[in-house]
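The chain contents come next:
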Amino acid sequence: MNFLANFWYAAGWASEITKKPLARRVLDRPVALFRTEGGKAVALDDCCPHRMVPLSHGTVEGESLRCGYHGLRFDCAGKCVEVPGQASIPPRAKVHAYPLVERWKFAWIWMGEPAAADPDLIPELPWLDAADWAYSHGCIIYACNYALLLDNLIDLSHTTFVHQRTIGTDDVAKTPVRTTSDAGRVLVERVMDDTEPSNLYRKAGDFTGRVNRWQRIEFTPPASVIIDAGAVPAGPDAGKRGINTRVINIITPETPQSTFHFWAFARNFKLDDASMTQYIAEAIMLTFNEDKRLIDDQQRNVDARPEQRMLDNTADYGVVLARRIVERLLREQEETRAHA
Ligand code: FES
Ligand SMILES: [Fe+2]
């Protein structure tokens, strides 16, 4: 399976990277993530060049990582700086250091050509750093290819049938969407005026009556889906008081059959309300676990029937366009590799 290599992927939340090395698979390659004593977050290929034990079993020493087997020590660039009991260091004693940048609370890793790793290409997620927004966040791992998770997040018509307990309402599936795209993004918009708020919205926004509600779902490659969603009271109060949220979905393929879904739910209300942060975190984890139950099993059917093609409904137009963008970028990547 080919992945789009020359993009920034979330290796994790920045807070997950500590002095205790963390073993993670990204684009089906093993990575050792750790933080030096000076505070720098580092990603090394998780395979010691000596006897190939994962470096994530090692320990951080100052600005270096010592392998947990025979003690070779590597600096943040992956260069071996010490071989215990031996004065000379063989030139082959080095590991690949992946570019890693901490921004917007995430640690972003670049699995492709290091020379192309431009931090300006990291997706903009200002809501996670802004003083006038608060957020809940988490991570869920699916037993599916990342394409099925993208489908799920781009076509929210399923929320009517899957998520009635939290974010789903009867109107979502019934309301037609407006889908637009260009070479590097797909936008799916749904506006629901004079409608019932979802259970989550009723609690979060203290709505007592009907609302005007919107969803703007934006896909950008390789695998981010940012949802601008919110509601205001319907009728004479419209626009006076409402809630604005961003559901941030940063997707990282772990393997061809498993996927990290790093999510954050940012809000512009009840900023200091820790119980609201907790309530949203639990509601969203419940919601995504409702998806997981379906998608993990969906992948089993897809694997068992390689000859069967899925059916595309009108609501799938955004999904189809997103897949087309990924397929085109994969073709371009293949062509570049063929000419290299
Ligand atoms: S395997 Fe790492 S030092 Fe031997
Ligand atoms: Fe869902």
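Scoring rules and cut-offs
- Here the residue index of a chain counts from 1 through its sequence in written order.
- Written order decides the labels, with chains lettered from A and ligands numbered from 1.
- Where totals are concerned, whole chains, interfaces and linings use all residues; where local detail is concerned, this predicted model gives features only for residues with pLDDT of at least 70, and gives and counts side-chain atom pairs only at 80 or more.
- Side-chain metrics rest on all non-hydrogen atoms present in the structure, leaving aside hydrogens and water.
- Sites may look incomplete, because water is not among the atoms used; the donor set itself consists of N, O and S atoms within 2.8 Å of the metal (3.2 Å for Na, K and Ca).
- Any coordination sphere not matching a tetrahedral pattern (four donors, all angles between 85 and 135 degrees) or a square planar or octahedral pattern (four or six donors, opposite donors over 155 degrees apart, other angles between 65 and 115) is reported as irregular.
- Two strands make a pair as long as DSSP finds a minimum of two bridges between them.
- The numbering of helices and of strands both runs from the N terminus, where a helix is a DSSP run of H or I of at least 4 residues and a strand a run of E of at least 2.
- The axes used here are C-alpha line fits, helices contributing only the stretch in contact, and every angle between their N-to-C directions lies in the interval 0 to 180 degrees.
- In this analysis, two residues are considered to be in contact whenever any of their non-hydrogen atoms come within 4.5 Å of each other.
- For this analysis, a nonpolar core means a set of buried residues of the types Ala, Val, Leu, Ile, Met, Phe, Trp, Tyr and Cys, connected via side-chain atoms within 4.5 Å.
- Accessibility here uses a 1.4 Å probe with only protein chains present; expressed as a share of the type maximum, an area under 20% marks a residue as buried, one over 50% as exposed, and anything in between as partly exposed.
- Domain start and stop positions are those given by an automatic or database domain assignment.
- Buried area is calculated as the accessible area (1.4 Å probe) missing from two parts once they are joined, with the contributions of both summed.
- Basic side-chain nitrogens of Lys or Arg form a salt bridge, by our definition, when they fall within 4 Å of a carboxyl oxygen of Asp or Glu.
- We call Phe, Tyr and Trp rings a pair once their centres come within 6.5 Å, taking the six-membered ring for Trp, and we label the pair stacked below 30 degrees between planes, edge-to-face above 60, and tilted otherwise.

1. Side note on the coordination of the iron ion (ligand 2)
Octahedral metal centres with six donors ideally show angles of 90 or 180 degrees, and tetrahedral centres with four donors ideally show 109.5 degrees.
Point 1. For the iron ion (ligand 2), every protein donor is listed as His158 (NE2), His163 (NE2), Asp291 (OD) and Asp291 (OD), and the spread of their distances is 2.1 to 2.3 Å.
Point 2. Around the iron ion (ligand 2) sit 4 donor atoms, and with donor-metal-donor angles ranging over 58 to 142 degrees the site reads as irregular.

2. Quick notes on the sheet that holds strand β13 (residues 178-182)
Point 1. The 7 strands lie next to each other as β12-β18-β17-β16-β15-β14-β13, forming an open sheet whose pairing is antiparallel. One side of each edge strand has no neighbouring strand; the edge strands of this open sheet are β12 (134-142) and β13. Pairs of neighbouring strands in the sheet enclose a mean axial angle of 15 degrees, with direction left out of account.
Point 2. Of the strand pairs in this sheet, strand β14 (residues 185-195) and strand β15 (residues 211-220) are connected by 8 bridges, and their pairing is antiparallel. Across the sheet, the residue bridging to Glu189 is Arg216, located in β15.
Point 3. Along the sheet, helix α1 (residues 146-154) contacts β12, β14, β15, β16 (224-233), β17 (243-255) and β18 (258-267); its crossing angle with β17, the most-contacted strand, is approximately 165 degrees.

3. Observations concerning the nonpolar core
Point 1. Membership of the largest hydrophobic core comes to 60 residues, with the highest contact counts inside it found for Val31, Leu100, Ile109, Leu150, Ile154, Phe219 and Val225.
Point 2. Taken together, domain 1 (8-121) and domain 2 (126-332) each give at least three residues to this core, which thus spans both.
Point 3. Here Val225 is in contact with Leu150, Leu153, Ile154, Ile217, Glu218, Phe219, Val247, Ile248 and Asn249, once residues within four sequence places are set aside.
Point 4. By size, the runner-up hydrophobic cluster in this structure holds 21 residues, among which are Trp104, Leu128, Trp133 and Ala266.

4. Considerations on the domain arrangement of the protein
Point 1. With domains assigned, the protein is organised as domain 1 (8-121) and domain 2 (126-332).
Point 2. Taking only C-alpha atoms into account, the centre of domain 1 sits 33 Å from that of domain 2.
Point 3. Residue-level contacts link 16 residues of domain 1 with 19 residues of domain 2.
Point 4. When the two sides are added together, the surface that domain 1 and domain 2 hide from each other amounts to roughly 1500 Å², 69% of it contributed by carbon and sulfur.

5. Concerning the sheet that holds strand β3 (residues 29-35)
Point 1. Ordered in space as β2-β3-β4-β9, the 4 strands form an open sheet in which the pairing is antiparallel. The sheet is open, and its two borders are formed by β2 (22-26) and β9 (97-98), each paired with just one other strand.
Point 2. Relative to strand β4 (residues 41-45), β3 runs antiparallel, the two being bridged by 5 bridges. Bridge pairing in β4 links Arg35 to Ala41.

6. Things to note about the pattern of salt bridges
Pairing is possible between side chains of opposite charge, provided their charged atoms come close.
Point 1. Applying the stated criterion across every chain, the model contains 25 salt bridges.
Point 2. A salt bridge links Arg73 to Glu82; the nearest nitrogen and oxygen atoms lie 2.7 Å apart.
Point 3. Overall, the relative accessible area of 25% leaves Glu82 in the partly exposed class.
Point 4. With a closest N to O distance of 3.0 Å, Lys270 and Asp206 form a salt bridge. Of the two residues, Lys270 sits in the loop between β18 and α5 (274-304) while Asp206 sits in the loop between α4 (199-205) and β15, which places them 64 residues apart along the sequence.
Point 5. Since its relative accessible area comes to 46%, Asp206 is described here as partly exposed.

7. Observations regarding the packing of aromatic side chains
Point 1. Tallied over the full model, the rule gives 8 aromatic pairs.
Point 2. With a centroid separation of 6.3 Å and 85 degrees between ring planes, the pair formed by Trp13 and Phe262 is classed as edge-to-face. You can see Trp13 sitting in strand β1 (residues 8-13) and its partner Phe262 sitting in strand β18, a full 249 residues away along the chain.
Point 3. Classification of Trp13 as buried rests on a relative accessible area of 5%.
Point 4. In this structure Phe262 comes out as buried when scored by relative accessible area, which is 0%.
Point 5. Taken together through their ring pairs, the aromatic side chains of Trp13, Phe106, Trp108, Phe260 and Phe262 make up a single cluster.

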